[in-house]
Amino acid sequence: MALQEVSIPRYVDAQPMLFFWELDELAPLVLLLAVGIMVHYLTYALLACIPISKFIAKWKDGRLDGALSHFAFRQGVVSLHKRFPNGLQREWVA
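These notes cover the structure that comes with them. Since the structure is predicted, the reported quantities are computational estimates derived from the model, not experimental observations.

Cut-offs and rules
Residues numbered from 1 in each chain as written. Predicted model: local features only at pLDDT ≥ 70, side-chain atom pairs only at ≥ 80, totals over all residues. Heavy atoms only, no water. Helix = DSSP H or I, 4+ residues; strand = E, 2+ residues; numbered from the N terminus. Buried < 20%, exposed > 50% of the residue type's maximum accessible area, 1.4 Å probe, protein only. Contact = heavy atoms within 4.5 Å. Expected span 1.5 Å × (residues − 1). Axes fitted to C-alpha atoms, helices over the stretch in contact; angles between N-to-C directions. Parallel < 35°, antiparallel > 145°, perpendicular 65-115°, else oblique. Left-handed = near helix turned anticlockwise from the far one by under 90°. Nonpolar A, V, L, I, M, F, W, Y, C, P; charged D, E, K, R; others polar.

**Side note on the overall build of the chain**
Within the chain, the secondary structure is distributed over 3 helices and 2 strands. Going from N to C terminus, the chain has its helices and strands arranged as β-β-α-α-α. With 94 residues in all, the chain has 16% of them scored as buried.

Pasting the structure below:
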């Protein structure tokens, strides 16, 4: 039985994108807009989105892909998977 060639997509590890924003750049902005709508300060939220989006983009430029999701895991905001659910736990005993 001979091996067959399989084509692998070029951007298989790329972050999901919406227009020209990566998802991890867009999520804080959507959250800020939602909070602005809830507290009836949408104008201030929109004005705050501009420097925050520039800060996040600048912060991500000097790092590897997925740095923001790794930062969120290390701060305990999201879980990695079922084996390592808590990012704040620094040592695991098997």
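**A few points about helix α3 (residues 67-74)**
Within α3 the residues assigned to the buried category are Ala67, Leu68, Ala72 and Phe73. The inward-facing, buried residues of α3 abut α1 (23-38) and α2 (42-61). Phi for Gly76, located one or two positions after α3, is positive at around 85 degrees.

**Thoughts on unusual backbone geometry**
Of note, His40 is a non-glycine position whose phi angle comes to about 60 degrees, a positive value. Residue placement: His40 occurs in the loop between α1 and α2.

**Some words on α2**
In a regular helix each residue adds 1.5 Å, so 20 residues correspond to 28 Å; α2 covers 28 Å between its end C-alpha atoms and thus fits that length. If you check which residues of α2 are buried, you get Ala45, Cys49, Ile56 and Lys60. Its buried side turned inward, α2 meets β2 (21-22), α1 and α3.

**Let's talk about the packing of α1 against α2**
In contact at an axis separation of 9 Å, α1 and α2 are set at 165 degrees when each is read in the N-to-C sense. Taken as axis vectors, α1 and α2 run roughly antiparallel relative to one another. Every pair of crossing elements has a handedness; the one defined by α1 and α2 is right-handed. For the pair formed by α1 and α2, the contact residues are Asp24, Glu25, Pro28, Leu29, Leu32, Leu33, Gly36 and Ile37 on the first element and Leu42, Ala45, Leu46, Ala48, Cys49, Ile52, Ser53, Ile56, Ala57 and Lys60 on the second. Among the residues forming the contact of α1 with α2, the class breakdown is 13 nonpolar, 2 polar and 3 charged.

**Remarks on the side chain of Lys60**
Note that Lys60 resides in helix α2. With a relative accessible area of 11%, Lys60 lands in the buried category. If we skip the residues at most four places from it in the chain, Lys60 touches Glu22, Asp24 and Glu25.

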